[in-house]
Amino acid sequence: MTGFRREASDILAELEAMRAADAPTHGGRVLSYVYDSGLPELDELAARAARLVQPVNGLDPTTFTSVAAMEAGVVGFARRVLGGAGDDEIVGSVTSGGTESCLLAVKSARDLWRSLRAGSPRVPRIVAPVTVHAVFHKAAEYFGLGLDLVPVDPDTGVVSVAAIEERLGDDVALVVVSAPSYPFAGLDPVADVAAITGPRGIALHVDACIGGFALAFWPDELPAWNLSVPGVTSLSADLHKYGYAPKGVSVLLTRGRDRQRHQYFATTGWPGYPVVNPTLTGSKPAGPLAAAWAIIEALGEDGFAALTAQAARATVALREVVGGIEGLRIVGAPTGPLFAVATDESLPAELRVDPHHWADAARAAGWHLQLQPALTQADGTRLPHTTHLTVTPVTEAVVGELSTALVAAADAVRGVPTVDGRALVAGLAETLPGGLDALAAASAGLDSDGAAALLRALGLLGGADATRAAGADGALPDRLAPVLALVGALPPQLTERLLVELLARVVEPRD
Ligand SMILES: *Cc1c(COP(=O)(O)O)cnc(C)c1O
């Protein structure tokens, strides 16, 4: 083919214009989603490595042997730094991300549980603190397990071992703990939980997706949290977080070959090629793997330690600044380069700072923090609404500027009351036939037009064609505090349905 329909330079210019509207992926202004090493040459190396394997199909490492070599290298590095150095019984897979790693950990545990109880009609359970990542809700739904969420201490955000022990039984296929948890960065008591699951023969997964490759090089002494704890049967850690790789790469390590073989799907029962998949995907890219492999080769353990030290210093500095802001408090005792911030309710209302108003004020100044909703636990206690900060190596370069902005944002909203979600909902209910209860009851059967109409009534979906998210250009509203308040006050089933509608409509074609 000679000549494309459009000039390549023109196509790329259009993409660059679209990228310019994205939240900034570099420079430390977005404190979630992106993990910036601050080293452009590392990003460049990763891009070149990914480009080299662009045509490769990771589906078959016997045909594309570079995939097998890189995967062995990456798993070997992960095993070495995550507590399994020299342990021949620890094997692993490279996956497309934390979600896939965790889904596979659940699938393996379920299938092992089943294999030991042939014919059992029982539905196996996952037991985990309520702070466990939502991917375990997804895994339970996808793979047909029950999910037994154990309340955490509302002050520290960490679970008690006794509370987990109460839930254990023969139907438990897997206990999951986090190192640390995403919402509050609480480091669960891994060794103490292993001491009660191990003797019962219950599998124990450590979700170190966010923290694994940071805690592995953390400058402070930590309680044992990784595969060095004998009862830990699997561990997930994301290379596209503190491995600084582009999105699409994570590692799942498993203790014992026989346990890990339950992860695989294999069939010769069709007239095509024999299918043998260690992960959820069939054909898959080798680019993220190659990028992660190249980064590991470039940094080595010393390079990782140096980057982790930067993130750790920035975290200490930010916790000190935020902890010192009158009206805010840091939740619990966070471990690793992340933390959550709540209102200091020990102060009178006029001195309190609402964390969501605070995040909105920071966003107006160009700093993106992540709003997290409140949650009522099974025991009736309430986890507060918070704002989450993930700190990366590049944060250290902007920590002074960021600190100033965070203090100014708090000053701007101190005393402004938390948005009353119930009042918003009450106002809404008046406009709806049958009120909100009728709607909640019907929400399972709400069709997409009904859901879109409701989103429009809430001001979250604009445009006459009803396909556009608010702001016409698909951008979120300026202030997220009211959105989160609404989300928190509506019945969860309804909120979930509305969010599905919103996200689905954002990607619909416009012509
Ligand atoms: C990010 C994360 C996940 C999910 O990983 P993705 O890479 O987003 O699929 C799971 N657990 C924890 C603790 C995480 O932080």
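Numbers given for residues are sequential positions, taken from 1 along each chain in its written order. pLDDT decides what is reported in this predicted model: residues at 70 or higher carry local features, side-chain atom pairs at 80 or more are listed and counted, and totals for whole chains, interfaces and linings draw on all residues regardless. The basis for every side-chain value is the complete set of non-hydrogen atoms in the structure, without hydrogens or water.

**Regarding the domain arrangement of the chain**
And then number 1: Boundary definitions for the domains trace back to an automatic or database domain assignment. By domain assignment, the chain separates into domain 1 (90-285) and domain 2 (421-506).
And then number 2: Computed over C-alpha atoms only, the centres of domain 1 and domain 2 are separated by 34 Å.

**Quick word on unusual backbone geometry**
And then number 1: Here the bond from Ala179 into Pro180 is cis, since omega is -10 degrees, no more than 30 degrees from zero.
And then number 2: Here the phi dihedral of Ala185 falls at roughly 60 degrees; this positive angle occurs in a residue that is not glycine.
And then number 3: Runs of H or I in DSSP of at least four residues are treated as helices and runs of E of at least two as strands, each being numbered from the N terminus. Residue placement: Ala185 occurs in the loop between β4 (172-178) and α7 (190-197).
And then number 4: A positive phi angle is found at Tyr244, which is not glycine, with a value near 60 degrees.
And then number 5: Locating Tyr244 in the fold gives a position in the loop between β6 (234-238) and β7 (250-255).
And then number 6: Summary of the burial criterion: residues with accessible area below 20% of their type's maximum are buried, those above 50% are exposed, and those between are partly exposed, where the area comes from a 1.4 Å probe applied to protein chains only. The exposure class of Tyr244 is buried, given its relative accessible area of 4%.

**Observations concerning empty space enclosed by the protein**
Summary: where empty space remains is shown by rolling a probe the size of a single water molecule over the atoms.
And then number 1: In the cavity and pocket records, a cavity denotes points on a 1 Å grid over the protein atoms alone where a 1.4 Å probe fits but cannot get out, a pocket denotes an open set with protein on both sides within 12 Å along at least 5 of 7 lines, and lining residues are residues with an atom within 4 Å of a point. Grid points are joined across faces, edges and corners, and a volume is the space filled by probe spheres set on the points. Going through the model one piece at a time under the given rule, you end up with two cavities of 30 Å³ or more.
And then number 2: Within this model, the largest cavity holds a volume of roughly 70 Å³.
And then number 3: Around the largest cavity, the lining comprises 13 residues; the ones closest to its centre are His133, Pro180, Tyr182, Asp207 and Ile210.
And then number 4: Lys, Arg, Asp and Glu make up the charged group, whereas Ala, Val, Leu, Ile, Met, Phe, Trp, Tyr, Cys and Pro make up the nonpolar group; the residues left over, Gly among them, are polar. Of the residues assigned to the lining of the largest cavity, the class counts are seven nonpolar, four polar and two charged.
And then number 5: Empty space within the second largest cavity amounts to approximately 60 Å³.
And then number 6: Mapped by element, the contributors of at least two residues to the lining of the second largest cavity are α4 (98-115) and β7.
And then number 7: Here the element with the most residues in the lining of the second largest cavity is α4; it accounts for four residues.

**Considering the nonpolar core**
And then number 1: Judged by nonpolar contacts, the single largest core of 73 residues is most densely connected at Leu82, Ile164, Val175, Phe213, Trp225 and Leu239.
And then number 2: In terms of residue count, helix α10 (residues 287-323) provides more of this core than any other element does, ten residues in total.
And then number 3: In this structure, Leu239 is in contact with Val74, Phe213, Tyr244, Ala245, Val249, Ser250, Val251, Ala292 and Ile296, ignoring residues within four places of it in sequence. Nonpolar cores are built from buried Ala, Val, Leu, Ile, Met, Phe, Trp, Tyr and Cys residues. Side-chain atoms within 4.5 Å join them into one set. Any two residues whose heavy atoms approach within 4.5 Å at even a single point are treated as in contact.

**Topic: the site of the ligand**
And then number 1: Any residue with at least one heavy atom within 4 Å of a molecule or strand is counted as near it. Around the ligand lies a shell formed by Gly97, Gly98, Thr99, His133, Tyr182, Asp207, Cys209, Ile210, Asp238, His240 and Lys241.
And then number 2: With respect to the ligand, the side chain of Thr99 contributes an N or O atom lying 2.5 Å from an oxygen atom.
And then number 3: We call two N or O atoms a polar contact when they sit within 3.5 Å, provided that within protein one can donate a hydrogen and the other can accept it, with sequence-adjacent residues counted only if both atoms are side-chain atoms. Within the contact set of the ligand, a nitrogen atom lies 2.6 Å away from a side-chain nitrogen or oxygen of Asp207.
And then number 4: Split into classes, the residues belonging to the shell around the ligand amount to three nonpolar, five polar and three charged.

**So, the sheet that holds strand β5 (residues 203-207)**
And then number 1: Being paired, for any two strands, means DSSP has found at least two bridges between them. Taken in spatial order, the seven strands line up as β1-β7-β6-β5-β4-β2-β3 in an open sheet, and their pairing is mixed. What marks the edges here is a single partner per strand, and that holds for β1 (90-95) and β3 (146-150). Sheet twist, expressed as the average angle between the axes of neighbouring strands with direction ignored, equals 20 degrees.
And then number 2: Bridge count between β5 and β6: three bridges; the pairing is parallel. Bridge assignment links Val206 to a residue of β6, and that residue is Leu235.
And then number 3: Lines fitted to C-alpha atoms define the axes, with helix axes restricted to the stretch in contact, and inter-axis angles between N-to-C directions lie between 0 and 180 degrees. The strands touched by helix α5 (residues 135-143) are β2 (125-129), β3, β4 and β5; relative to β3, the strand with the most contacts, the crossing angle is about 155 degrees.

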